[in-house]
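A closer look at the structure
Single-letter residue listing:
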Amino acid sequence: MCGIVGMINGHPVAGDLVSGIQRLEYRGYDSAGVATVEEGRISRRRAVGPVSALRELIEVVPLSGHAGIAHTRWATHGSPSEANAHPHVVGEVAVVHNGIIENHDELREELLRLGREFASETDTEVVAHLLDMALAEGLDPMTALDVVSRRLRGSYAIGMITSRDEDALYATCHNGPLVVAEHPGAAFLASDGAAIAPYVSEICVLECGDRVELRRGSLRIVDSSNQTVDRPRRQVESREDEHSTEGYGSFMLKEIHQQPAVLERQLAAFADPLTHELRLPQVATIAKQDQLVLSACGTSFYACQLAKYWFESLAGLPCRVELASELRYRSPVLGAGHGAIFVSQSGETADTLAALRMVRERGVPSLVVVNVETSAMAREATDVIGTLAGPEHGVASTKAFTAQLFTLLAAAIAVGEARGHSTRQQTADLVRTTLGSIPQAVELVLASSARIHAYAATLADAPRAIYVGRGPSFPLAMEGALKLKEIAYVHAEGFAAGELKHGPLALVEEGTPLIAVCPHDSLFDKTLSNVQEAAARGAQPFVLTDADGLGRALKLGDALALPTLPRLAQPFVHAVALQLIAHHAAAAGGKNVDRPRNLAKSVTVE
Ligand code: M6R
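Only a predicted model underlies this, so the values are computations on that prediction, with no experimental measurement involved.

Rules behind the numbers
- Residues numbered from 1 in each chain as written.
- Predicted model: local features only at pLDDT ≥ 70, side-chain atom pairs only at ≥ 80, totals over all residues.
- Heavy atoms only, no water.
- Near = heavy atom within 4 Å.
- Polar contact = N/O pair within 3.5 Å; in protein donor to acceptor, adjacent residues only side chain to side chain.
- Areas by Shrake-Rupley, 256 points an atom, 1.4 Å probe, with all protein chains shown as cover.
- Helix = DSSP H or I, 4+ residues; strand = E, 2+ residues; numbered from the N terminus.
- Nonpolar A, V, L, I, M, F, W, Y, C, P; charged D, E, K, R; others polar.
- Domains from an automatic or database assignment.
- Buried < 20%, exposed > 50% of the residue type's maximum accessible area, 1.4 Å probe, protein only.
- Lys, Arg positive; Asp, Glu negative; His and termini not counted.
- Salt bridge = Lys/Arg side-chain N within 4 Å of Asp/Glu carboxyl O.
- Contact = heavy atoms within 4.5 Å.
- Pairing = 2+ DSSP bridges.
- Axes fitted to C-alpha atoms, helices over the stretch in contact; angles between N-to-C directions.
- Parallel < 35°, antiparallel > 145°, perpendicular 65-115°, else oblique.
- 1 Å grid on protein atoms, 1.4 Å probe; cavity = no way out; pocket = protein on both sides within 12 Å on 5 of 7 lines; lining within 4 Å.
- Points joined across faces, edges and corners; volume = space filled by probe spheres on them.
- Expected span 1.5 Å × (residues − 1).
- Arc of directions from axis to C-beta.

Considerations on the site of the ligand
The ligand sits among 15 residues. The nearest are Ser 300, Ser 344, Gln 345, Thr 349 and Glu 486. One nitrogen or oxygen atom from the main chain of Gln 345 is found 2.7 Å from an oxygen atom belonging to the ligand. Burial of the ligand by the surrounding chains reaches 90%, relative to a free accessible area of 410 Å². Listing elements by their share of the shell around the ligand, those giving two or more residues are α9 (298-315) and α17 (473-488). Across the shell around the ligand, the residue classes break down as five nonpolar, eight polar and two charged. In terms of domain composition, the shell around the ligand takes at least three residues from each of domain 2 (272-445) and domain 3 (448-593).

Right under this line is the structure:
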């Protein structure tokens, strides 16, 4: 959470810095700021609200420095206000920070006792004071960063400029993402390569404890033991269309519509188009284990819950699913014979990363299913499968979710074959009939979304909504409810349909919306009975089913037939329908679907 960018160049950099943090706005959008060094002085502009407010400010009151740092904030310590916005300037130092300084209270006490005065409520300001003191004691900036970092607890990436030197930027990171790059006459740092991709074709991903000095055309990286090091370079591509909504009106809607193309891309990458063999060697280690634990947060957790059905039924592998935020603080029984799968769009989620590290310390092999393949999780896991969804800007996970499902379904099929639970021929049949049917079916849902649009508008002002499903449709019900809460701010919960009578039915009153994920499969009758019981008590059902279930569903209320698909492919069309319901409900209620209140896309703090 929070995005940082730094640049040094042969011309004023403030405008480019603001464009850089605009590309990182998914990381936080409470307030933003920029500082540059000009004639031996640090000058700064800050604004509350989206980065566009900062851009308007610097157009009126420009900055002229050729070296600078910028920040887009997701508030952790202190409200979103100008005083709390970064950069924080103390004496000759300006600092931007992403992450959390856990011991900031005790450091602040100590600094107050030394007579230091604070201008903000942030944890970051203690870092600015400590760096200012270290420089005042005569340390050079790289040594000051080292000395100060050793006093900090938590996870962070820090960028710094000093008024002493107009030709340098400095940065360090500890369990927080940070990339750097140079080209002749310039150098750059950022939380994510996307921010600087228009200027460079290669980036270095810094490792925990690295410090870096950036000058025009050069980088000097030293590791935590003070050795000068080179970090591997990775390609970055600047795709300006990725930073535009391309006529969809929102990133979320654009990303929902990108799903058929993402699924096609995955099919082409994971399976041989002629033989239909799966090409997923990354599952070999997991396939040898006796038990699996799947772990993640939020939407990615629901992807794990669905995948549990697949690993059990397709691979005969006992599975449990754990919230990463819980797993990391337990003493789970994990060891020989266990394998772990972690799922994440960003690859940065603090709790998932911590759970991965805990599992790794126990010698348990890990497979990470991740969209951002340069992320910490991708670097630290035993094996990695990239979900190939492309950058996702909307805070709500949409194409990342279906890409996770597709990857996990393909992985479960591959593990089943590797374990002798199924034959090569059965794999080929599943690839052809199930995986192969998904992209086009999703396309059909998108093409006929008018019906969903009309229904969703009725949810915009609902005080609450209930989602139900059974079997694999239960995690989808929870995911659908999360989507509605997240962007439409309607209180929604997803329940296992069979649990309604055990309590949640008491929530039903006249007109309560009840969205049922109810494909016409072996569980159809059971789920429909539960819907009927709720309808008898005033609930207004909207049943997502298919052609075979439509007639009976319509007798209970509103219903929609989604494409008829093989059983294992059904969740994909339901997932997309649920995304559209949430999107259209939020849009009908006038909400900002891409930037929901209080949220950020990458949750890099606990
Ligand atoms: O990047 P991750 O997949 O690890 O993120 C996990 C959750 O924060 C994320 O899925 C969140 O729940 C989404 N915003 C929901 O749409």
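Some points on the side chain of Glu 486
Tracing the sequence through the fold places Glu 486 in helix α17. The buried charged residue Glu 486 lacks any salt bridge partner; its closest oppositely charged side chain belongs to Lys 483, at an N-O distance of 4.0 Å. Once residues within four sequence positions are removed from consideration, Glu 486 is found in contact with Val 395, Ala 396, Pro 596 and Leu 599.

Looking at the domain arrangement of the chain
Assigned domains within the chain: domain 1 (3-241), domain 2 (272-445) and domain 3 (448-593). Here the C-alpha centre of domain 3 lies 45 Å away from the C-alpha centre of domain 1.

Side note on the sheet that holds strand β4 (residues 67-73)
Strands sit in the order β3-β2-β4-β1-β10-β9-β11-β15 across an open sheet of eight strands; the sheet is antiparallel. Because the sheet does not close on itself, it has two edges, and the strands there are β3 (41-48) and β15 (233-235). For this sheet, the mean inter-axis angle between neighbouring strands, taken without regard to orientation, is 20°. Helix α2 (residues 51-60) rests against β2 (31-38), β3 and β4 of the sheet, and its axis sits at about 130° to β3.

Things to note about the packing of helix α7 (residues 259-270) against helix α15 (residues 438-447)
A pair of packed helices is captured by two measures, namely the crossing angle of their axes and the spacing between those axes. For the pair α7 and α15, interaxial distance at closest approach is 8 Å and the crossing angle is 180°. The angle between α7 and α15 falls in the class roughly antiparallel. Taking contact as the criterion, the partners of Gln 259, Pro 260, Leu 263 and Glu 264 in α7 are, on α15, Ile 438, Pro 439, Val 442, Glu 443 and Leu 446. Per-class residue counts for the contact of α7 with α15 are six nonpolar, one polar and two charged.

A closer look at the layout of surface pockets
Quantified by volume, the second largest pocket comes out at close to 610 Å³. Forming the boundary of the second largest pocket are 28 residues, of which Cys 297, Gly 298, Thr 299, Lys 601 and Val 603 lie nearest the centre. Elements that contribute at least two residues to the lining of the second largest pocket include exactly α9, β18 (338-344), α11 (350-361) and α17. Partitioning the lining of the second largest pocket into residue classes produces 11 nonpolar, 12 polar and five charged. If you count residues domain by domain, the lining of the second largest pocket takes at least three from each of domain 2 (272-445) and domain 3 (448-593).

As for unusual backbone geometry
Omega for the peptide link from His 86 to Pro 87 comes to -5°, which places this bond in the cis form. For Pro 87, the position within the fold is in the loop between β4 and β5 (88-90). Notably, Asn 175 is not glycine yet its phi reads approximately 55°, a positive angle. You can see Asn 175 is positioned in the loop between β8 (165-174) and β9 (179-183). Of note, the phi angle at Tyr 489 is positive, near 60°, even though the residue is not glycine. One can find Tyr 489 in the loop between α17 and β22 (491-496).

Concerning helix α18 (residues 524-535)
Compared with an ideal rise of 1.5 Å per residue, which puts 12 residues at 16 Å, α18 spans 16 Å between its outermost C-alpha atoms and is within 8% of the ideal. The set of residues buried in α18 consists of Phe 524, Thr 527, Leu 528, Asn 530, Val 531 and Ala 534. Across the axial projection of α18, the buried residues extend over an arc of 155°, all falling on one side. Residues of α18 that are buried in the fold lie against β21 (464-469), β23 (513-517), β24 (540-546) and α19 (547-554).

Examining the pairing of strand β7 (residues 154-162)
In terms of burial, β7 is largely enclosed, as nine of its nine residues are buried. Judged by which residues are buried, β7 turns out to be covered on both faces: Gly 154, Tyr 156, Ile 158, Met 160 and Thr 162 on one side and Ser 155, Ala 157, Gly 159 and Ile 161 on the other are all buried. The sheet contact formed by β7 and β8 spans five bridges and is antiparallel. Across the sheet, Ile 158 pairs through a bridge with Thr 172, a residue of β8.

Considering the pairing of β18
Within β18, seven of the seven residues are buried, which leaves the element mostly enclosed by the surrounding structure. Across the two faces of β18 the burial is the same, with His 338, Ala 340, Phe 342 and Ser 344 and Gly 339, Ile 341 and Val 343 all buried. Both strand β16 (residues 291-296) and β18 contribute to a ladder of five bridges, which runs parallel. Within β18, the residue paired with Leu 292 across the bridge is Gly 339. One ladder, built from five bridges, connects β18 with strand β19 (residues 366-370); its direction is parallel.

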